[in-house]
Amino acid sequence: LLDLPLELILEIISYLPPASQACFALTCKPLYNCFSYVLKDEALCFPRLLNNLNPLISLNQKHVARNQFLLLLQNRRWKYCAACLKLHPRKEFPRGLRSLTPSITRKCAPFAGILDLCACTSLTPRGMERLVRSLQGAICERDQRYPILGAEPDGRYQFSRDDQGNRTLTHTCSTPRQSKIACRLEMTISADGADSLVVRTYYHYRFRKTPTVAIWCKKIPTCPHRDL
Ligand SMILES: [Zn+2]
Ligand SMILES: [Zn+2]
Ligand SMILES: [Zn+2]
């Protein structure tokens, strides 16, 4: 196949569905160098519900391109999680579920799922556990083996201390997709004594134009539980 002219390979790849295109790009280094752009396709990105506002790609269903891709990537070590919509190491699943259960129904824990905190931050149980340990001081935030919120170089997340001296993580961001209303949110994340995360979010809304009746009639998605 690699002896074919690049134009022909491009023609062939254009007939493949996104999940197969992505697997093709991961076949070997020369193909990765040519086709790694397909891995950045929005359809294959982690479904951040408050960013893409498309509940369909957050579903655990076989027709979703990202899920098809992850199911194809499964191997002896990595397995698809039906709750987190990610691959986890096989040993993180309950022992009885590791091999017999169909992949599309296998969850790493009965309560597992995706928690959307804002348009750019979604946590799964693994991420939450790491974040709790980090806030409790059990992980150094610079430890590269545990990439967590706060380790990103862009400074969107900042560690600080509250009045009682407890470690907290603060985050500010805005919702990019609503053109008429600007929403900026300020979030403070801390850990309580019961190993749970406590998240406080303040939402600041500003109308870019004088509000009209049309705006008031339209629902504005804000946090995961409520439209405005
Ligand atoms: Zn999971
Ligand atoms: Zn954010
Ligand atoms: Zn809410």
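Residues numbered from 1 in each chain as written. Chains lettered and ligands numbered in written order. Predicted model: local features only at pLDDT ≥ 70, side-chain atom pairs only at ≥ 80, totals over all residues. Heavy atoms only, no water.

As a further point, take the nonpolar core. General note: in soluble globular proteins, nonpolar side chains tend to be found buried as a group. If you look at the biggest cluster of nonpolar residues, it comprises twelve residues: Leu117, Cys118, Leu123, Leu131, Leu135, Tyr157, Phe159, Leu169, Cys173, Leu185, Met187 and Ile189. Secondary-structure elements contributing two or more residues to this core are strand S3 (115–118), helix H6 (125–135), strand S5 (157–161), strand S6 (167–174) and strand S7 (181–191). Here this core gets three residues from one element, more than from any other, and that element is S7. (Core = buried A, V, L, I, M, F, W, Y, C linked by side-chain atoms within 4.5 Å. Buried < 20%, exposed > 50% of the residue type's maximum accessible area, 1.4 Å probe, protein only. Helix = DSSP H or I, 4+ residues; strand = E, 2+ residues; numbered from the N terminus.)

Turning our eyes to something else, we now look at the sheet that holds strand S8 (residues 197–207). A sheet is described by the order of its strands in space; here four strands give the open sequence S5-S6-S7-S8, paired in antiparallel fashion. The sheet is open, and its two edges are formed by S5 and S8, each paired on a single side. Each strand axis lies, on average, 20° off the axis of its neighbour in the sheet, ignoring direction. Sheet topology places S5 next to S6; five bridges connect them, and they run antiparallel. If you follow Ser160 over to S6, its bridge partner there is Thr168. (Pairing = 2+ DSSP bridges. Axes fitted to C-alpha atoms, helices over the stretch in contact; angles between N-to-C directions.)

The zinc ion (ligand 2) binds to the protein through Cys118 (SG), Cys120 (SG), His171 (NE2) and Cys173 (SG); the donor distances cover 2.1 to 2.4 Å. Metal-centred angles of 102 to 122° between the four donor atoms at the zinc ion (ligand 2) mark the site as tetrahedral. Every donor residue of the zinc ion (ligand 2) comes from the same chain, spaced as C-x1-C-x50-H-x1-C. Taken together, the residues span a long stretch of sequence, with Cys120 in the loop between S3 and strand S4 (121–123) and Cys173 in strand S6 at a distance of 53 residues. Classification of Cys120 as partly exposed rests on a relative accessible area of 23%. Taking the relative accessible area as the measure of exposure, Cys173 reaches 13% and is therefore buried. (Donors = N, O, S within 2.8 Å, 3.2 Å for Na, K, Ca; no water. Tetrahedral: all angles 85-135°; square planar, octahedral: opposite > 155°, others 65-115°.)

It is worth spelling out the pairing of strand S1 (residues 78–81) at this point. One ladder, built from four bridges, connects S1 with strand S2 (residues 86–89); its direction is antiparallel. Bridge pairing in S2 links Lys79 to His88. Hairpin connection of S1 to S2: four residues between the antiparallel strands, including Leu85 at a positive phi of 55°.

Looking now at the pattern of salt bridges. Inspection of every chain in the model, using the stated rule, returns two salt bridges. Between Glu92 and Arg126 there is a salt bridge, with the nearest N and O atoms lying 2.8 Å from each other. Taken together, the positions of Glu92 in the loop between S2 and S3 and Arg126 in helix H6 put the pair 34 residues apart, joining distant regions of the chain. The class of Arg126 is partly exposed, set by a relative accessible area of 27%. A salt bridge links Glu186 to Arg184; the nearest nitrogen and oxygen atoms lie 3.0 Å apart. (Salt bridge = Lys/Arg side-chain N within 4 Å of Asp/Glu carboxyl O.)

Next up on the list: H6. Residues of H6 that are buried include every one of Pro125, Gly127, Leu131, Val132, Ser134 and Leu135, and no others. Tucked into the core, H6 has its buried residues touching S4, S5, S6, S7 and S8. Positive phi appears at Gly137, one or two residues downstream of H6, with a value of about 85°. (Contact = heavy atoms within 4.5 Å.)

What follows deals with the side chain of Asp116. With respect to the helices and strands, the residue Asp116 is situated in strand S3. Buried and without a salt bridge, Asp116 has Arg48 as its closest oppositely charged side chain, separated by 6.4 Å. Within the local environment of Asp116, its side chain forms a polar contact with the backbone nitrogen of Leu49, the two atoms lying 3.4 Å apart. (Lys, Arg positive; Asp, Glu negative; His and termini not counted. Polar contact = N/O pair within 3.5 Å; in protein donor to acceptor, adjacent residues only side chain to side chain.)

Turning our eyes to something else, we now look at the packing of aromatic side chains. Per the counting criterion, the structure on display carries three aromatic pairs. Geometrically, the ring pair formed by Phe35 and Tyr37 is tilted, given 6.4 Å between the ring centres and 55° between the ring planes. With relative accessibility at 1%, the residue Phe35 sits in the buried group. Measuring from ring centre to ring centre gives 6.5 Å for Tyr203 and Tyr205, while their planes differ by 10°; the resulting arrangement is stacked. Under the relative-accessibility criterion, Tyr203 is labelled partly exposed at 28%. Clustering of aromatic rings is evident, with ring pairs tying together Phe24, Phe35 and Tyr37. The ring of Phe46 has Lys86 lying over it, and the distance from NZ or CZ to the ring centre is 5.0 Å. Note that Arg167 overlies the ring of Phe159, its terminal NZ or CZ placed 4.4 Å from the centroid. (Phe/Tyr/Trp six-rings, centres within 6.5 Å; stacked < 30°, edge-to-face > 60°. Lys NZ or Arg CZ within 6 Å of the ring centre and 35° of its normal.)

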